[in-house]
Amino acid sequence: MGRGKKRRRENDSEAPRTMHPRNRYAAAPPDFAALAALYPSFAPFVSVPAGGGRASVDFTDFDATRELTRVLLLHDHGISWWIPDGQLCPTVPNRSNYIHWIEDLLSSNLIPPISSSSERVRGFDIGTGANCIYPLLGASLLGWNFVGSDVTDVALEWAKKNVESNPHLAGLIEIRNANEAPCCSKSETVDEEPIRENTSEAVDNVVRSIPPILVGVVKDNESFDFCMCNPPFFESMGEAGLNPKTSCGGTAQEMACPGGEQAFITHIIEDSVSFKNSFRWFTSMVGRKTNLKLLASKVREVGASVVKTTEFVQGQTARWGLAWSFIAPRKMVIRASIPGKVHHSFMLQGHRHICGAFKVLKSAETFFCASNLSCKTDSVSFSIDVTIPDEQTQAAVLHGDDFPGAVEDNSTKPHSAITGTSFRISVFEQIPGTLLIRGSLLNKALSGTFSSLFSQLEDTLKEEFCRKAR
Ligand SMILES: C[S@@+](CC[C@H](N)C(=O)[O-])C[C@H]1O[C@@H](n2cnc3c(N)ncnc32)[C@H](O)[C@@H]1O
């Protein structure tokens, strides 16, 4: 955790415009003056301009940042919380975004629930820290169950204290010492010298020096709906640098590890292969966009069936989310409840940068590939030819979900005649910031299935692009 790509500075007291819509601070940022009136211990950290105006907090003061977090957790979430001086202090609105993204992944239904899924969602927070922020937020906002792991004495001691201070959540959260994994050697001191060669061999060597993350820490027969991680992003505290505009604390053990986030997340990816069927989703926060691409290809190399990414814009800092799963995505055999047509279209309107035609094309490709449909993308004509594999085509017909030639006539052709059903998705930029997405059935079979898929594509792209653009 630390400093990533800097964004144009926004007023710190304003909620970033890109907050998740369900984030409780999305509509209105915290009202510092009102909180100061309610909590006298917070008042000394709040300044109100002489001529009136919005109250502010000095984010370069660790004590102020920690007191704000304490007050927000107490006032808005009913959580009693504290961390010792210098430990990483989380910002509540930012951390909530990651929780809501996982909530979206779980509810997307892209991956079916794992067989042992219980009624209550169960998550594994890798490196929960002294602050234990994700389990506390996930349990209080959504009633999720958590195992939170860590390796340092201070993190384990304070994470437990933070859980015990909240008896209403204590039954939902277990804190686990990753150093007690059977294969573990005690956590190493962080090397101040970064690895010189950034070759994959150098990274692999470093990965082996990181203490256990999942293997040995996850118990036999345990299963989880997801894991999450805010990794140590840096190779050294020198690399972490100091952001003069904020003081969120952070010790070397929290901020840095040998090989930085690339090695840490590579370790998670390697471990994930051992738990293909025990986790529905593996996720991690990523601090650098270059690492996101690299790690996403690693995830594909180890055979993930679905890979998803997102961008978290957190005030001035951009971070990314990487999610993957080995569970086969649900097959797109769709009940054609909407009337079949051979052409469909919809508009995406949003901010030009966010809603670029190429980005939308790639997201559409990801959507279809994740559904086991084969895609041929032409980035010159901004189009994708999508083919529904024969077995899915057959399944749609056999299940009575659709029928061939639904638009042309309502007669049912022999099943064997329907092969390689395909359609074309094209993205056109109408005016800057407005895109037209058009879908055309190429061989006029299974129009109901095509219509249903197109409607799901519309929902997915609108959710992804229009929400961000708000
Ligand atoms: C950036 S901090 C994140 C703390 C907290 N989750 C947050 O978001 O503020 C990274 C945490 O990972 C922990 N850590 C490092 N290696 C670990 C390992 N092998 N297993 C579990 N936790 C580890 C560190 O001790 C530290 O608490």
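The rules behind the values
Residues numbered from 1 in each chain as written. Predicted model: local features only at pLDDT ≥ 70, side-chain atom pairs only at ≥ 80, totals over all residues. Heavy atoms only, no water. Helix = DSSP H or I, 4+ residues; strand = E, 2+ residues; numbered from the N terminus. Expected span 1.5 Å × (residues − 1). Buried < 20%, exposed > 50% of the residue type's maximum accessible area, 1.4 Å probe, protein only. Near = heavy atom within 4 Å. Polar contact = N/O pair within 3.5 Å; in protein donor to acceptor, adjacent residues only side chain to side chain. Areas by Shrake-Rupley, 256 points an atom, 1.4 Å probe, with all protein chains shown as cover. UniProt positions renumbered as here; feature names shortened; annotations may be inferred. Contact = heavy atoms within 4.5 Å.

(A) Representation of helix α10 (residues 260-272) in the model. Taking 1.5 Å per residue as the helical rise, α10 with its 13 residues ought to reach 18 Å, and the 19 Å between its terminal C-alpha atoms agrees with that figure. A large share of α10 lies buried, amounting to twelve of its 13 residues. Those residues of α10 that fall on the buried side of the exposure criterion are Gly260, Glu261, Gln262, Ala263, Phe264, Ile265, Thr266, His267, Ile268, Ile269, Asp271 and Ser272.

(B) Seen up close, the site of the ligand. Around the ligand, the structure places 22 residues, and the nearest of them are Arg95, Gly127, Asn131, Asp150 and Asn230. Within the contact set of the ligand, an oxygen atom lies 2.7 Å away from a side-chain nitrogen or oxygen of Arg95. In the model, a nitrogen atom of the ligand is placed 3.1 Å from a nitrogen or oxygen of the Pro212 main chain. Here the ligand loses 98% of its free accessible area of 590 Å² to cover by the protein chains. Counting only elements with at least two residues in the shell around the ligand, the list comes to α4 (133-142), β5 (145-150) and α9 (252-255).

(C) Highlighting the UniProt feature "binding site: S-adenosyl-L-methionine" (unreviewed entry) in the chain. Under the UniProt annotation, "binding site: S-adenosyl-L-methionine" (unreviewed entry) lies at Arg95, Gly127, Asp150 and Asn230. Residue position: Gly127 is located in the loop between β4 (122-126) and α4. The exposure class assigned to Gly127 is partly exposed, which follows from its relative accessible area of 31%. In this structure, Gly127 is in contact with Ser149 and Asp150, ignoring residues within four places of it in sequence. When you line up the elements, Asp150 lands in strand β5. Setting aside residues up to four positions removed in sequence, Asp150 forms contacts with Gly127, Thr128, Gly129, Ala155, Leu156, Arg176, Asn177, Ala178 and Asn179. Engagement of the side chain of Asp150 in a polar contact is seen with the backbone nitrogen of Gly129, the distance being 2.9 Å.

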